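Chain and residue survey
Here are the chains, one letter per residue:
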Amino acid sequence: MISKTDNEPLTVNLRNLDLNILNPFLKSQGIKLSGYVTGNASTIAVLKAPKVSSDMIVHELGLNNNILGDAEISSRWYSETNEVNFSMNVMQDDVTRISVSGSAQPTKKEDNIFADVEMNETSLVIFQPFLTGLVSDLSGQTSMNLLVRGSIAKPKINGTLSFNNAGVRVDYLNTRYSINDKLGVENSRITFENFTLKDVKNHTATATGYMDLSDLNSVKLNLRLNANRFQALNTTLKDNELYCGTAYATGNFLFQGPLNDMLIDINATTNEGTQFFLPISDESSVGSDELVTFVSRDTLANSKKKEDSELKLRLNFDLTVNPSAEVSILLGENSGGTMTEKGKGS
């Protein structure tokens, strides 16, 4: 029975609720939670102007098999303004690793969120579910101080973030890079200014440009790498039917466009250790001096069905091949054979 008085709350108590029960609903998002929730949620003035509050502690909060720490989560909802105030603090080894606080107004279409986000040497692994298909095998830590306003779909983000012994594998290229550097964020644009990356052989490249997060449904990249003997490719046919091999290069690499329709423009000279393969499909191939497009059998069969959802990638190559590098064209099954060139060329 619900009380009509304002000062008698309706309370729900939780004790050691296993977060695993949520995983069947999160599986499609690539998210797996673990931990045990203890706390309560209560409401007062249910029949008039309800106010809802909750205070939870999550012991050993985990994301995708990585323990983040113990979390304290609180929220307050006020029906008069339809505003939710929230806060979350995650502690690990007596240090606050994640702190998020702010407010949201779900019924507003714009300017409906305000949040202050701080991270202190937090594991990069927590971002993996949101980067699937772009990068993987994340390691190391990140620290950040960000102010988020606007809406969830089109946020306005300002602040700074840094990386400590960070590592990432670029799925396009199957190359792994290490990072120890800082970035600025202004009006949802992450700015790269001589941002340094190192490959597996400790060769360096510097990045200049930006990643635009102003529309999370269409994240855009405009990034140029200036590389010196940098590993730019490390794939096999199993990894990618469009291009494969191991490539070390000195020159410029441009990554431009939305993430689901990316242009990679390469103007570089190969270095020692380069073996590059260009498979040519029997069904379809189009070539020119500046642009090569490869269309696989699966793409041809399903292009109309998946046109809006497929990840598109365009590659422009302007390579100068030095004497130690090999560039091979793998002909289709019906044609047979391989054409290999070793020596100077472009």
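The structure this text deals with has already been given above.
Everything in this summary refers to the structure shown in the same document. (Residues numbered from 1 in each chain as written. Predicted model: local features only at pLDDT ≥ 70, side-chain atom pairs only at ≥ 80, totals over all residues. Heavy atoms only, no water.)

Details of the overall build of the protein
Across its full length, the protein holds two helices and 22 strands. Burial status across the protein gives 37% buried among its 346 residues. Put simply, of all contacts in the protein between residues at least 6 apart along the chain, 45% involve residues at least 24 apart. A total of about 20,200 Å² of accessible surface is found on the protein, and carbon and sulfur atoms cover 52% of it. (Helix = DSSP H or I, 4+ residues; strand = E, 2+ residues; numbered from the N terminus. Buried < 20%, exposed > 50% of the residue type's maximum accessible area, 1.4 Å probe, protein only. Contact = heavy atoms within 4.5 Å. Areas by Shrake-Rupley, 256 points an atom, 1.4 Å probe, with all protein chains shown as cover.)

With respect to unusual backbone geometry
The phi torsion of most residues other than glycine is negative, and most of the peptide bonds are trans. The phi dihedral of Asp 94 falls on the positive side, at around 65°, and the residue is not glycine. Since its relative accessible area comes to 76%, Asp 94 is described here as exposed. Unlike most non-glycine residues, Ser 188 shows phi in positive territory, near 70°. By the element assignment, Ser 188 lies in the loop between strand S11 (182-186) and strand S12 (189-198). Judged by its relative accessible area of 1%, Ser 188 is buried.

Considering the pattern of salt bridges
According to the stated counting rule, one finds six salt bridges in the structure shown. Here Arg 169 makes a salt bridge to Asp 137, at a shortest N to O gap of 3.3 Å. Within this pair, whereas Arg 169 is found in strand S9 (residues 155-170), its partner Asp 137 is found in strand S8 (residues 135-150), the two being separated by 32 residues in sequence. By relative accessible area, Arg 169 is classed as partly exposed at 24%. Look at Asp 137 and you get partly exposed, because its relative accessible area is 40%. Residue Asp 261 is joined to Arg 314 by a salt bridge in which the shortest nitrogen-to-oxygen separation is 3.6 Å. In this pair, Asp 261 sits in strand S16 (residues 261-270) while Arg 314 sits in strand S20 (residues 312-320), placing the two residues 53 residues apart along the sequence. Three or more residues are tied together by salt bridges with common partners; here these are Asp 137, Arg 169 and Arg 176. (Salt bridge = Lys/Arg side-chain N within 4 Å of Asp/Glu carboxyl O.)

Quick notes on the side chain of Asn 322
Structurally, Asn 322 is set in the loop between S20 and strand S21 (326-330). Of the residues examined, Asn 322 reaches a relative accessible area of 18% and is grouped as buried. A polar atom in the side chain of Asn 322 sits 2.7 Å from the backbone oxygen of Thr 270. (Polar contact = N/O pair within 3.5 Å; in protein donor to acceptor, adjacent residues only side chain to side chain.)

Some words on the side chain of Arg 97
One can find Arg 97 in strand S6 (residues 95-104). Here Arg 97 is buried and forms no salt bridge, its nearest opposite-charge partner Asp 93 lying at an N-O distance of 4.5 Å. Excluding its chain neighbours within four sequence positions, the residues that come into contact with Arg 97 are Val 90, Gln 92, Glu 118, Met 119, Asn 120, Glu 121 and Thr 122. (Lys, Arg positive; Asp, Glu negative; His and termini not counted.)

Quick look at the packing of aromatic side chains
Note on aromatic pairs: each is described by the distance of the centres and the angle between the planes. A complete count under the given rule lists three aromatic pairs for this structure. Where Phe 192 meets Phe 195, the ring centres are 5.4 Å apart and the plane angle is 90°; that geometry is what we call edge-to-face. A relative accessible area of 4% means that Phe 195 is categorised as buried. Among the aromatic residues, those joined into a cluster by ring pairs are Phe 163, Phe 192 and Phe 195. Its end group placed over the ring of Tyr 210, Arg 189 keeps NZ or CZ at 3.7 Å from the ring centre. (Phe/Tyr/Trp six-rings, centres within 6.5 Å; stacked < 30°, edge-to-face > 60°. Lys NZ or Arg CZ within 6 Å of the ring centre and 35° of its normal.)

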